[in-house]
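Descriptive analysis of the structure
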Amino acid sequence: MTRRYWGVLLWGMVSVGYAQTPRSISLTGALAEARHRNPVLQAEHLTIQATQADVVTAGLRANPTLNNQTLQLAKPSHFPEHTRALNAQNRQVWWQLTKPFNVAGQRQKAVALAEQTVELSRRSYAETERKLLFDVANQWLDAWSAQRNLALIGRAQQTVDSLVSINQVRLRNQVITQTDLLRTQILADQYGLRAQTVRQDYQNQLLQLKRLLNTTDSLAIAATDEVTIWSPGSADSLLALAQRGRADVRVAEQAVEVAERNTRLQEALRVPQPELGILYNPQNSVPYVGFYGTMPLPIFNKNQGEIQKAKVLRLQREQVVQYTHQQVQAEVLTAYRSYQTQRQNLSRYTGILRQADQILSSVRYAYLKGGTTIVDFLEAQRSWLDVQQEYLNTQVEYRRSFIQLLFATGQIQQLAN
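Treat the numbers as computed from the prediction; the structure is a model and nothing was measured.

With that settled, the discussion passes to the packing of helix H8 (residues 304-347) against helix H10 (residues 374-409). Close contact between H8 and H10 brings their axes to 8 Å; oriented N to C, the two are set at 155°. When the axis of H8 is compared with that of H10, the two are roughly antiparallel. Our pair here, H8 against H10, has a crossing hand that is left-handed. Along the contact surface, H8 presents Glu-331, Val-332, Ala-335, Tyr-336, Ser-338, Tyr-339, Gln-342, Arg-343, Asn-345 and Leu-346, while H10 presents Tyr-391, Thr-394, Gln-395, Glu-397, Tyr-398, Ser-401, Phe-402, Gln-404, Leu-405, Ala-408 and Thr-409.

Okay, here's the thing in structure tokens:
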């Protein structure tokens, strides 16, 4: 009957096809792969390239304007003697070449605003990456949990299957009754059904992980454990690290800088922009040259609305920075305390697991020697599995709190490196 256990375990370790050997992937490997292959991040990266094009646009100088006006004498009676309509003496031509000029540094301020917007796009990309890596880490943990649960059910099923084989022999020797064998067989069948459910859940979790990694490879969760070798440090150091380097904090701070650059640009646009140039004006074949200049008079429109709007946006983003710092502090402290609690809970299970193994071994030995009933053994087996599953749940919560702490402090992106 132990063959069924090995069959369950092998089927559980294969996520898609059986011809393809599963590729083992760790938590850090999943994060690194998602960083390079996830389509959401790839699309978000194009936003940075789009904002870089805005820098080029902002740095372009205004094109010169060429203007022509031609006046032709309409009545031949006014033509000079011995001239025709197309003669230069019968028309006036106006050629004008002008160009707008920046007198308040509008172009330079527009370039500075575009450059700061590019930096904002980069920081926004980092924040998108932080959130995506958090989703990937949690999905990897879900697959890890399903894999461990499948192995746990396999261990329990192996124990019960071996007892079924023993009881079949004992029944033939008339040591036990048919009822004892049936009770053992029923528990083995229950574990078999549960293993099928857990195996399907494991395959589903791997499928979701493959979607986030944008891969079609057959995957299996690696046995390596990066969580237990990580030391988070003190709460104060983690809080300082998050306040200094977390992506959403840097986005909020950069948004203030963008608002400040926009305010400077809008104030510069209040200054009228002159348009200057030269002209060439042959009148009835007599050439004239001159200077051309025009400037709007700032009487009604001084860009008041955009200046006011820019100042309000800057104030708004300064408030967002303050709120973001408060949010980071709350998230880091909450995640750190949860991590400490879950780590303590995990450490307390060492003795409990040892006792559960000892009790199951003792009851099994006593049952095989005729010292107790099948009911006591089945109850001990169920209690052992309950303890093991509670321990697995504690392991999952401990690792989830670890991932949450990495996310809250912004170190999840460093783990992907």
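Don't stop here, the text continues.
Turning to the sheet that holds strand E2 (residues 65-72), a few remarks are in order. Taken in spatial order, the four strands line up as E2-E3-E5-E6 in an open sheet, and their pairing is antiparallel. In this open sheet, the two edge strands, each paired with only one partner strand, are E2 and strand E6 (289-294). Shown here is a sheet whose adjacent strand axes are inclined to one another by a mean of 20°, direction ignored. The sheet contact formed by E2 and strand E3 (residues 91-100) spans eight bridges and is antiparallel. If you follow Gln-72 over to E3, its bridge partner there is Arg-91.

In terms of strand pairing, E3 meets strand E5 (residues 275-280) through six bridges, oriented antiparallel. Paired with Trp-95 across the two strands is Tyr-280, which belongs to E5.

What follows is about the pattern of salt bridges. If charged atoms from side chains of opposite charge come close, those side chains can pair. For the coordinates displayed, the defined rule picks out 15 salt bridges. We note a salt bridge from Arg-122 to Glu-119, for which the minimum N-O separation is 3.6 Å. Taken together, the positions of Arg-122 and Glu-119, both in helix H4 (residues 106-172) and three residues apart, correspond to about one turn of that helix. Taking the relative accessible area as the measure of exposure, Arg-122 reaches 39% and is therefore partly exposed. The class of Glu-119 is partly exposed, set by a relative accessible area of 23%. A salt bridge links Asp-142 to Arg-400; the shortest N-O distance between them is 2.9 Å. Of the two residues, Asp-142 sits in helix H4 while Arg-400 sits in helix H10, which places them 258 residues apart along the sequence.

Calculation rules
- Residues numbered from 1 in each chain as written.
- Predicted model: local features only at pLDDT ≥ 70, side-chain atom pairs only at ≥ 80, totals over all residues.
- Heavy atoms only, no water.
- Axes fitted to C-alpha atoms, helices over the stretch in contact; angles between N-to-C directions.
- Helix = DSSP H or I, 4+ residues; strand = E, 2+ residues; numbered from the N terminus.
- Parallel < 35°, antiparallel > 145°, perpendicular 65-115°, else oblique.
- Left-handed = near helix turned anticlockwise from the far one by under 90°.
- Contact = heavy atoms within 4.5 Å.
- Pairing = 2+ DSSP bridges.
- Salt bridge = Lys/Arg side-chain N within 4 Å of Asp/Glu carboxyl O.
- Buried < 20%, exposed > 50% of the residue type's maximum accessible area, 1.4 Å probe, protein only.

Purely geometric stuff here, so don't read any function into it on its own.
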